Amino acid sequence: ISIMDSYSRKKEKPSALMITAQNKAGVLITGSYYLQGKNLFFRASIMDAEKEKLIEALSPVKGSFKTQEEVIERLCSQILGALAFYFKYEVQAGQTYIPSFEAYKEFQTGREIFNIDYDKARSHFNKSVKIDSAFTVPLLYIAVSYVNQGQNARADSIFNLINEHRETLPFFDCILLDYFIAVSSGNSAKAMSFLRKAEKLAPRNYLIKFFIGIRARCQNFPQLAVETYAAFGYERMAEEIRGSWGLRDLANSLYMLGEYDEALDVIHFSRQHFPDESYNLRYEVILHGACGHIQEVNRVIDESFQLSGSAPGGVMLDAAKALRAHGYKEVAHEVLKRALEWYNSRITGDYRYSIAEVLYYDEQWMKAQQYFEQLYREYPDNQTYNGYTGVLAARLGEREKAIRILEELYSKDEPYLFGSHLHWCARIAAVLGEHRRAVELLRDAYGQGEGYRMGTLLQIDFESLRDYQLYIELMRPKG
């Protein structure tokens, strides 16, 4: 009122933007109402005052004189939803659907626990859609949660359901949907093309940047991934991505570039923010192993005993993989010996698979074979158990058996394999000494959705390929 008074004394007619500038406000909300027949309509527009750019022109909210308070409340909810979505996701006006604030709050609550408790997250996403049925982004998150849990068929059913009504979706949401469908089909190159379209529409949207980082690393562009993640800063990655996943993906990319010290800095930061996540310790021992920091490897292993569950076993196995890959085979043997003692001391739980892996990396092939063949008999649909029986047959001179399993894996025709069966074929071929075939199979695996990652560089079965030129060229970062 005092601002209006000052303009009145000056006999000036202030514009809304002038008043906004006087108050040093960043956002201007203007509105109007009108009567049409017996219906009362309220509408509002939101503008970035500094840039003098429209953020969102909200759809009119309809009511009657008797329900005007309820109508205004709905309008306020729309305004709050638009502001929250704009400033949180940095998507421009008209590009994505703006939910009501209540729907947005449920969506955001689900996001807070997305990588922590998928069931609870899905509950909040479902509530969000129930409040505002036109808000499809929570449905995408529900589908992705199923992907992350290996329930790809359930995820696809949701993607297909949304796709049936894509004509009702804003352009940005359609691009997001197309991106997830491409990922679900194992087409990383196509997925990246959709991300680039989304990036043009929302150049500062952190989710799009994060997805670009993941796709870049998966396609063997770790430098691009690192540069993309650099736009976040560690603090924002920890805050926005929820959990250490994003930071670990950055460390993964740095490892692929041979930047072990910088990757360690990332993981140390991640450990400070997520001290109970065992994967942080697993990454740390890998990176210390790559650097030859034997004392630090043992320190992290000791710290892993403070975590619950099977964390120490996983930490020790990863430490041994890295130590072996970087030339510390004897130290790796001692770590594996300690891991085996730890697993054998467990009173409850079925650790046969973990024990078999420890035996495998310790070159106790026959003992490992006994475990994996027993597991495969019990779970004949398990590709990992079948794959291990194949590489073990190759190592123990059972060539015909190894080739039979390789061909069996190669001929698999199932959805959602994403090249994992071809990766196992490449491992068997490499152990058999068929280097060219191994590289061709590995290349085909990447073409079907298998992602480049540091785990492949640590793989014991590809040791014979590390001096093989075709393998070196395949694994060399592209950018």
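I will try to describe carefully the structure that is included in this document. (Residues numbered from 1 in each chain as written. Predicted model: local features only at pLDDT ≥ 70, side-chain atom pairs only at ≥ 80, totals over all residues. Heavy atoms only, no water.)

With respect to the overall build of the protein
Here is step 1: The number of helices and strands found in the protein is 26 helices and four strands.
Here is step 2: Expressed as a percentage of its 479 residues, the buried residues of the protein come to 50%.
Here is step 3: Carbon and sulfur atoms provide 50% of the accessible area of the protein, an area that totals close to 23,200 Å². (Helix = DSSP H or I, 4+ residues; strand = E, 2+ residues; numbered from the N terminus. Buried < 20%, exposed > 50% of the residue type's maximum accessible area, 1.4 Å probe, protein only. Areas by Shrake-Rupley, 256 points an atom, 1.4 Å probe, with all protein chains shown as cover.)

Notes on the pattern of salt bridges
Here is step 1: For the structure on display, the rule yields 28 salt bridges.
Here is step 2: Close ionic contact of K412 with E414 constitutes a salt bridge, the shortest N to O distance being 3.9 Å.
Here is step 3: Overall, K412 belongs to the partly exposed group, its relative accessible area being 22%.
Here is step 4: The partner of E434 in a salt bridge is R437, with the nearest N and O atoms 3.3 Å apart. (Salt bridge = Lys/Arg side-chain N within 4 Å of Asp/Glu carboxyl O.)

Describing the packing of aromatic side chains
Here is step 1: One pass over the full model with this rule turns up 33 aromatic pairs.
Here is step 2: Ring geometry for Y104 versus F107: centroids 6.5 Å apart, planes at 55°, classification tilted. Remark: F107 and Y104 occur in helix α4 (residues 101–112); sequence separation between them is three residues, near one turn of the helix.
Here is step 3: Geometrically, the ring pair formed by F114 and Y141 is edge-to-face, given 5.3 Å between the ring centres and 80° between the ring planes. Separated by 27 residues along the polypeptide, F114 in the loop between α4 and α5 (118–131) and Y141 in helix α6 (residues 137–148) bring together distant segments of the chain. (Phe/Tyr/Trp six-rings, centres within 6.5 Å; stacked < 30°, edge-to-face > 60°.)

Side note on the layout of surface pockets
Here is step 1: In this structure, the second largest pocket spans a volume of roughly 340 Å³.
Here is step 2: Along the wall of the second largest pocket there are 16 residues; nearest its centre are Y255, M256, Y260, L457 and M475.
Here is step 3: Those elements that provide at least two residues to the lining of the second largest pocket are α13 (245–256) and α26 (469–475).
Here is step 4: Of the residues assigned to the lining of the second largest pocket, the class counts are ten nonpolar, three polar and three charged. (1 Å grid on protein atoms, 1.4 Å probe; cavity = no way out; pocket = protein on both sides within 12 Å on 5 of 7 lines; lining within 4 Å. Points joined across faces, edges and corners; volume = space filled by probe spheres on them. Nonpolar A, V, L, I, M, F, W, Y, C, P; charged D, E, K, R; others polar.)

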